[in-house]
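Here is what each chain is made of, one letter per residue.
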Amino acid sequence: MESMTGQLLVATPTLKDPNFDRTVVLLVAHEQGGALGVVLNRATEVPVAEVLGNWGELAGDPAVLFEGGPVQPESAICLARTRPEVKKRVTGFHPVSGSLGTLDLSADPERLRENVAGIRVFAGYSGWSAGQLEEEIASGSWFVFDALPGDPFVERPDDLWAMVLRRQGDILAAVAHFPPDVSLN
């Protein structure tokens, strides 16, 4: 099995689960035992600073919590991007792909400020048991694409689903214009 860690799952228009309708999920782990990811395009209205204090200063616009998925919504996962000039290991940072990784929220945000270019905090996550994600992909529920370093940090997360599809070109770019409810077309 080839790991898809660091890749994007983009919900196809046929995926009707309301938890994942028109979502873009970044896989932060994909192993034999299953997969874990966070939904990148479901911002809440809750400021990061309101829940996590000084971490809010590191959060990029919009500096709010995101709904990472339906599993354990009371838990938090922090994605971070290290600054390009940082070459040393950053304590509490666990690489996912390139300069992107998860960050331990029990660390002191002040000590990480010089190493981190930005963060996103997700309440909950999306999880799949062994083989479940592969079955969903095979059944046409998800497109799988390479992530760009800025995808988790876009300023307009509501536009991410269409943006990722459009940059694929050809017929996939047309899917970006697929109506949410075909019966209304």
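The numbers attached to residues start from 1 for each chain and follow its sequence in the written order. Where local features are concerned, this predicted model is filtered to residues with pLDDT of at least 70; where side-chain atom pairs are given and counted, the filter is 80 or more; whole-chain, interface and lining totals use all residues. The side-chain numbers reported here are obtained from all heavy atoms of the structure, hydrogens and water having been left aside.

Chemist: Where do I start with the overall build of the protein chain in this structure?
Modeler: The numbering of helices and of strands both runs from the N terminus, where a helix is a DSSP run of H or I of at least 4 residues and a strand a run of E of at least 2. Counting its secondary structure elements, the protein chain contains 5 helices and 10 strands. A compact globule built from 185 residues should have a C-alpha radius of gyration of about 16 Å, and the protein chain, at 16 Å, falls within 12% of that. Based on the C-alpha atoms only, the size of the protein chain along its principal axes is roughly 50 × 35 × 30 Å. Only protein chains enter the area calculation, which uses a 1.4 Å probe; residues under 20% of their type maximum are buried, those over 50% are exposed, and those in between are partly exposed. With 185 residues in all, the protein chain has 44% of them scored as buried. Nonlocal contacts in the protein chain, meaning residues at least 24 apart in sequence, comprise 66% of its contacts between residues at least 6 apart. Here, Shrake-Rupley sampling with a 1.4 Å probe gives the accessible areas, and only protein chains in the shown set may cover a residue. Entry remark: accessible area of the protein chain is about 9,600 Å², with carbon and sulfur atoms responsible for 51%. Considering the protein chain, the positive charge centre built from 14 side chains and the negative charge centre built from 25 side chains are found 7 Å apart. Between the two quantities, the radius of gyration covers C-alpha atoms and the globule rule is 2.2 Å times the number of residues to the power 0.38. Residue contacts are defined here by distance: any two heavy atoms, one from each residue, within 4.5 Å place the two residues in contact. As used throughout, the charge tally considers Lys and Arg to be positive and Asp and Glu to be negative, leaving His and the chain termini uncounted. A single reference atom marks each charge: NZ on Lys, CZ on Arg, CG on Asp, CD on Glu.

Chemist: What should I look at first to understand the side chain of Ser 141 in this one?
Modeler: Of note, Ser 141 is situated in the loop between helix H3 (132-138) and strand S10 (142-146). Judged by its relative accessible area of 14%, Ser 141 is buried. Polar contact is defined as a pair of N or O atoms within 3.5 Å, subject to the rule that within protein one atom must be able to donate a hydrogen and the other to accept it, and that residues adjacent in sequence are counted only when both atoms are side-chain atoms. Within the structure, Ser 141 has its side chain in polar contact with the side chain of Ser 139 (distance 3.5 Å). Residue contacts for Ser 141: discarding those within four places in its chain leaves Val 10, Ala 11, Thr 12, Leu 15 and Glu 136.

Chemist: What is the right way to read the nonpolar core from this model?
Modeler: Soluble globular proteins tend to bury their nonpolar side chains together. The term nonpolar core refers to a set of buried residues drawn from Ala, Val, Leu, Ile, Met, Phe, Trp, Tyr and Cys, joined through side-chain atoms within 4.5 Å. Membership of the largest hydrophobic core comes to 37 residues, with the highest contact counts inside it found for Val 10, Leu 40, Trp 128, Leu 133, Trp 142 and Trp 161. Elements with a minimum of two residues in this core: strand S1 (7-11), strand S2 (24-31), strand S3 (34-39), strand S5 (64-67), strand S6 (71-82), strand S9 (116-129), S10 and helix H4 (160-166). Other than its neighbours up to four places away in sequence, Trp 161 contacts Val 10, Ala 11, Pro 13, Arg 22, Thr 23, Val 24, Asn 41, Val 175 and Ala 176. Listed in part, the 16 residues of the second largest apolar core include Ala 59, Cys 78, Ala 80 and Ile 119.

All we've got here are geometric facts, nothing functional implied.
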